[in-house]
Structures are given as C-alpha cells and as structure tokens.
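# Structure at a glance
As a plain string of letters, each chain reads:
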Amino acid sequence: MTIEILNVKGLETQFKTPEGIVHAVNGVDFKLNESETLGVVGESGCGKSVSMLSILKLIPQPPGKIVAGNAMFKEQDLLQMSNEEIRHVRGGQISMIFQDPMTSLNPVMTIGKQLAEPLMLHMGFNKEQARDRSIELLELVGIPRAADRLKDYPHQYSGGMRQRVMIAMALSCAPQILIADEPTTALDVTIQAQIVELVIRLREELGMAIIWITHDLGVVASIAHRVAVMYGGFIIEEAPVKELYANPRHPYTIGLIGSLPQIQEQGRKRLYSIEGMPPMLYQKPRSCPFSPRCRWVKERCRNENPLLESINDGHKVACWVDTVTGSERA
Amino acid sequence: MTENEVLVRVEDLKMHFPIYRGVIQRQVGSVRAVDGISFNIHRGETLGLVGESGCGKSTTGRTMLQLYKPTAGKVFFKDIELSSLKNEQMRQMRKNVQMIFQDPYASLNPRMTIRDIIAEPIVAFGTASGKEIDDRVNELMGLVKLDPDFMQRYPHEFSGGQRQRIGIARALANNPSFIVCDEPISALDVSIQAQVINLFEDLQKELDLTYLFIAHDLSMVRHISDRVAVMYLGITVELADRNEIYSNPIHPYTKALLSAIPVADPSFYETRERIVLEGDVPSPANPPSGCRFRTRCPIAEGYCAESRPEFREIMPGHFVECFKADHPDNKRR
C-alpha cells in the first residue's frame, strides 16, 4: 500500500532578469509516496532545482515568482502557506541538503551549535537534550569521536564530513521528506560512494521519502526508486528506475543515456551525441522544447507541446512520437 | 599509429610546493603534490590520468609542460629534456606541446574576440602573417566545428561546449603533436560532453595527436584512453592498458575507485559489491610513511609503513606500486 505524501500540480516559476522573464519551470506535476526515493535528473538550467526550491518557497521573491500550481503536503498547500507557517515545515517535516556543504554551513559557528539550533527550534529541546541528540546524530552519520568534534568549526571538517554534518542536520527533526539538491556533485567518487551508502542506510532506518536532484544518471541509478527527467522546465519522462534505463522512450532520455560511455565497453564505440544545446527560456515554450535537437522531430512537434502521458504501468512520457516505431502517437 | 615510439617520457618527476610561515617567511615544509612518478606516452596514444581531487594529476600535467619548475626528475619530449631548455628554447618548444584547460569560462579572455583568441598563438610565433592569419583561424574553426562567421564575437556569446571548442582551436593553432587535456569536459553538461569527446577523437585521428587526458570521470577516461594511470597522493599506484586496468585492477585503491563509479544501470547495483573506503585522503604536506595508501587500505600490514613499495611491472605493461600485489589477501575480482 503506497501512501501519497506530496502531490505537486501545475507548478510554474519565473525569474525577472534584465534580459527578460526566464520561464524556469513551466508546469510540473509529480507525486511522492511515503518512503520512496524520487530521482530528478536533467542538465543545468532544466529547472530541476528551481522546482524543488519552489515547493519550499525558497525562491528569492523577487526576482523569482511562483506563478501557478499547488503542492499538497498532508492536505495543506505549501505554496499558500504564510512565511511563518512554512518556516515550521522547513527543517522540521521537510528538510533539505545542498550541493556545497561549505557554503551551507556557518563558518563562525561550531558544528555543535549549528546542530543544536533546529533541535531547540523545532523540537523544543533544551541545551542538554540538544547536545545529547547532536552527538547521536553525528554518530548516526558516521563521524568518529562525535562528542569532541561538536566543538570544531566547519573548516576543520573535510568535504565529505561536512556533507555528513549537513545530512545529520537535515535529519535532526525526523523529517518525512528529505530534498537533496546535488548532494554529491562537489565530492570525489570514493566519498560520493560513502555518502550514497549512508543515505541508503538512513533511509532504511528512518523511513523518510527522498527527492534526489542530480545531473548524474549513474548516481540516480544506484539510489532512486522512480526517476523524473526534466528538460526546458518540464518533466518529459517519468518511470520506475529499471524501466527508465531499460526502455527510455523520450528522445532526450534516449540521447542522454546513449551519450554515456559504458564502463563494461571493450571496443571503442563512438558516443551518441545530442547535437545543439539546451533552450534559453525567455519565452514559455509553445512547441516541444526538445524539437530543435530531436532526430524524430515531426511537424506537430514544432507547433504543439506534448503533455506528460502514461504509456504503460507508471511510465509517462511527453512526446508526440512513439520512438519505438518512429511514427506519430495516435 | 606507429606502436612503441615513445613521444613523451617522464622520469621520477617530483613537484614540491614550499610552505612558508611566520614573519620572516621561513620554509616550514612542503606540499608534495607530485612525488616521484615515471611513465611513457607513445605517439598517437591517449594516456588517461585519473585520481581524486588533490592527488596531483593536474600538477603532473602542468609540471610536464614546465608551467611549474619541477623539484626533481626529468621530462623528455622526443629525447629533448624540457627542464634543461633555456627560456626562449622552451618557448619555441610550446608550439609542439599544448594544453587545454578545465574551465572554458576562465581560460578565455572576455575582452578578446574569438578571432584574436585563436590567432594569438599564430601571431606570437609568427607562423603566419596578414591574410594568412584569417585563413588559418577560419580553418581551425572549421576543424573544431564552429561556424567561422562567429569570428568577431566575444566569449560570453558562446555556450560552455562552444567555448571549449575555442580553447581546442587555440591549442591546435601551431600544429602541436602533444596536448595535455586538463579535465576538459568536467565543466560541461552531459549531452555536451559526448560532443566534445567525439571531437577529441576525430582530431586525434585527423592530426595524429598524442593526448595526456586528465580527468576524474573514470568511465569517460576508459572510453577515450588507450592506457590509464591511477594517481593517489602524488604517486601513480597503477598503470595498465585500459581494458586490463578496468577488468583486472590490482592495487587496492584502484579496486575501490572502480567500485565507486556510479553506473547508469540500476540492475548493476543488485549484483555489485561496493568497496567503500574509510576516511579521507591524508594531507600531501604530511603523507604517510611507506606506502601512501596504507592508512585507508583494507589489506595493509605493519611492513607497509616501513618503506615505499616499488612501482613494478607485474605483468607485461601492467605496473603496480603495492607490496601485496601478488598476495592472496589481494584477491582478484
């Protein structure tokens, strides 16, 4: 039995810039179930981070603006909440970890103080309780000599350890949803493996749902249950992880997976490459945003933007063309 | 490709950066960024150099081209020892040895047009003049698949992938034979990476280039390289043919590194056993005694701390720096 915990519909976010309005997110729908991990992949500028930041109203407004949509979390619309209300959700029921652990930690505050802050704020702990819980949390994320290291400042921790501290902080109030925005991108592969391993273990122990934003199709394959691929501010394909990698259906997903070298490859194959580059989003796309780069492109693709539609069990794709047969979808 | 003709030879190269402290700026130690490495690169080959940040892979590339003065060791290009060259001789040598940088945003002067950027090395060496310069720039832009009509534009008008092409055109301007590619694709988006990698491969075939390809993306390195060297804390721990090193890694660090690569195939994770290394890379200012990897090595013994293992050829063409390379503890995957 899957219980839905988050339901986002028609989310649109724009940014005002000197060059004009950037349509970063153009109508994103997705659901998240309890204890499920949803991977959100796409290249820079595709709107993956902006969509997730919008849900928590973490977009600086102005220049950003959430133009439309709703995000139902336990029968409440996060987007309609007042600043005061959403502050109780952030860091409490929904928490977030970011790409760069150095800039997300306060450099002039000890790790102990930073860990205790949300505990005292959201959980009503006193100083002593907060300290004990902080030690537990650091041990949970695998930091040795946790009690001693509370007195240390962020610069005394290595990159991987800082990301562990961020995770400890995000988990401190037992959130129901953890949003991880490229949490391993700044880390080396062996440290990335440690963090992925850690999140998988914590997910099993604590049972929270995770939204994992990344551009790395490899990392997503190792951690997600379901994957949404974004392009030009839209989700263009969504499927259970195995289905997506075995049967990608959107031309962009096919290209993305094909452009990766296979680690098992023996001979030297030429890499499949998607020509051209991602769109500039100064106008809301009226045609399929991928059509200028698509090799299946049909007349209809240049005139109408396809919606995300179910093609089989849990597999949704936004494309006018059936890439298996090469003909237009009915 | 003529096999076995050595184009570049590195012998026991060391690059230590001094650390100064105090009012009189006394040298109190040194960062041993590169600490005694040796390898050959054959003509027409791509040698991949991989490792995590801070392992010394970029320093190796830069020191090889004498952008830093090596602390010790020798670099030969076609039997000419580079560090023995006088300034002007080395400057002339740079026609043959070139570099492509990681960040296509920082490595191009924002106030110069594309034409001027690409023409700069041609003008500097006087290899062409007058109208010939424009013809050459035209030709180079065609070679890297940029539209020559964009010649008068500035770097900010181009995307990351296009800027990297400009950097490549500039490196090719004086027909070099050896190019150090320092993480040339790490700053690019996934769909653009494949475009640039394909370009590197086409150019290599067309112009008979030899590459040292520095990267931390192990699957890309495997794709583009003929042989691969793995670095850890200033030394090369293993070097072998690309298929050999990926199917039969011997050094415990190489094994862990390979097992940590994210693979875009979910079913792969059901069967794979991950070797997750404990801890972090030690500081290169104070590296562990003996074997550099012993502090994180799952099979380290007491004697690993006593002396540094030899970088030895354990099988033809397969070099490993580990005491326990043949030991039963270090079982094959």
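Below is a summary of the structure that appears in this document. Being a predicted model, the structure only gives us computed values, none of them experimental.

Now for the overall build of chain B. The number of helices and strands found in chain B is ten helices and twelve strands. A compact globule built from 333 residues would reach a C-alpha radius of gyration of about 20 Å, and chain B, at 21 Å, matches this within 12%. Dimensions of chain B, computed from C-alpha atoms along their principal axes, come out at roughly 70 × 60 × 45 Å. When burial is assessed residue by residue, chain B has 45% of its 333 residues classed as buried.

The next point concerns the overall build of chain A. Counting its secondary structure elements, chain A contains eleven helices and twelve strands. Dimensions of chain A, computed from the C-alpha atoms along their principal axes, are close to 65 × 50 × 45 Å. Within chain A, counting contacts between residues at least 6 apart in sequence, those at least 24 apart form 64% of the total.

Before going further, it helps to examine the environment of Gln89 of chain B. All names here are of chain B. Within the secondary structure, Gln89 sits in helix α2 (residues 87-93). With 11 C-beta atoms counted inside 10 Å, the residue Gln89 sits in the exposed group. Along the primary structure Gln89 and Glu306 are separated by 217 residues, whereas in three dimensions their C-alpha atoms are 43 Å apart.

Attention now goes to unusual backbone geometry. For the bond from Gln61 of chain A to Pro62 of chain A, the omega torsion is -15°, close enough to zero to count as cis. The topology assignment puts Pro62 of chain A in the loop between α1 (48-55) and β4 (64-73). Not every positive phi belongs to a glycine, and Asn175 of chain B is a case in point at roughly 50°. Within the element layout of this structure, Asn175 of chain B appears in the loop between α5 (160-172) and β7 (178-182). Given 12 C-beta atoms within a 10 Å radius, Asn175 of chain B is considered exposed.

Quick look at the sheet that holds strand β1 (residues 4-17) of chain A now. Residues and elements named next belong to chain A. Pairing in this open sheet of four strands is antiparallel, and the strands run β2-β1-β4-β5 from one edge to the other. Single-partner strands in this sheet number two, and they are β2 (20-33) and β5 (76-77). Bridging between β4 and β5 involves two bridges; their strand directions are antiparallel. Directly across from Met72, in β5, lies its bridge partner Asp77.

Spatial ordering of the open sheet is given by β2-β1-β4-β5 (chain B), a layout of four strands whose pairing is antiparallel. Both outer strands of the open sheet, β2 (26-42) and β5 (80-81) of chain B, are each paired with one neighbouring strand and no more.

This next bit is on the pairing of strand β8 (residues 210-215) of chain B. All names here are of chain B. For β8, the buried fraction is high: six of the six residues fall into the buried class. One ladder, built from five bridges, connects strand β3 (residues 46-50) with β8; its direction is parallel. Residue pairing in the sheet places Thr46 in a bridge with Tyr211 of β8.

To continue, consider the interface of chain A and chain B. Listed by partner, the interface residues are 36 residues for chain A and 34 residues for chain B. Put simply, the parts of the chain that give the side of chain A that touches chain B at least two residues each are α8 (189-206), α9 (217-223), α10 (241-246) and α11 (251-258) of chain A. Top contributing element to the side of chain A that touches chain B by residue count: α8 of chain A, with six residues. Among the residues making up the side of chain A that touches chain B, the classes are represented as 16 nonpolar, 13 polar and seven charged.

This part is about the nonpolar core. In terms of nonpolar packing, the biggest core is built from 187 residues, with Ile177 and Ile211 of chain A together with Ala169 and Phe213 of chain B touching the most fellow members. Among the elements that make up this core, the one with the highest residue count is helix α7 (residues 159-171) of chain A (eight residues). Excluding residues within four positions of it along the chain, Ile211 of chain A makes contact with Leu32, Leu38, Val40, Met52, Ile177, Ile179 and Ala180 of chain A.

Definitions and limits used
- Residues numbered from 1 in each chain as written.
- Chains lettered and ligands numbered in written order.
- Predicted model: local features only at pLDDT ≥ 70, side-chain atom pairs only at ≥ 80, totals over all residues.
- Helix = DSSP H or I, 4+ residues; strand = E, 2+ residues; numbered from the N terminus.
- Rg over C-alpha atoms; globule rule 2.2 N^0.38 Å.
- Buried ≥ 20, exposed ≤ 12 C-beta atoms within 10 Å, placed from the backbone.
- Contact = placed C-beta atoms within 7 Å.
- Pairing = 2+ DSSP bridges.
- Nonpolar A, V, L, I, M, F, W, Y, C, P; charged D, E, K, R; others polar.
- Core = buried A, V, L, I, M, F, W, Y, C linked by C-beta atoms within 7 Å.

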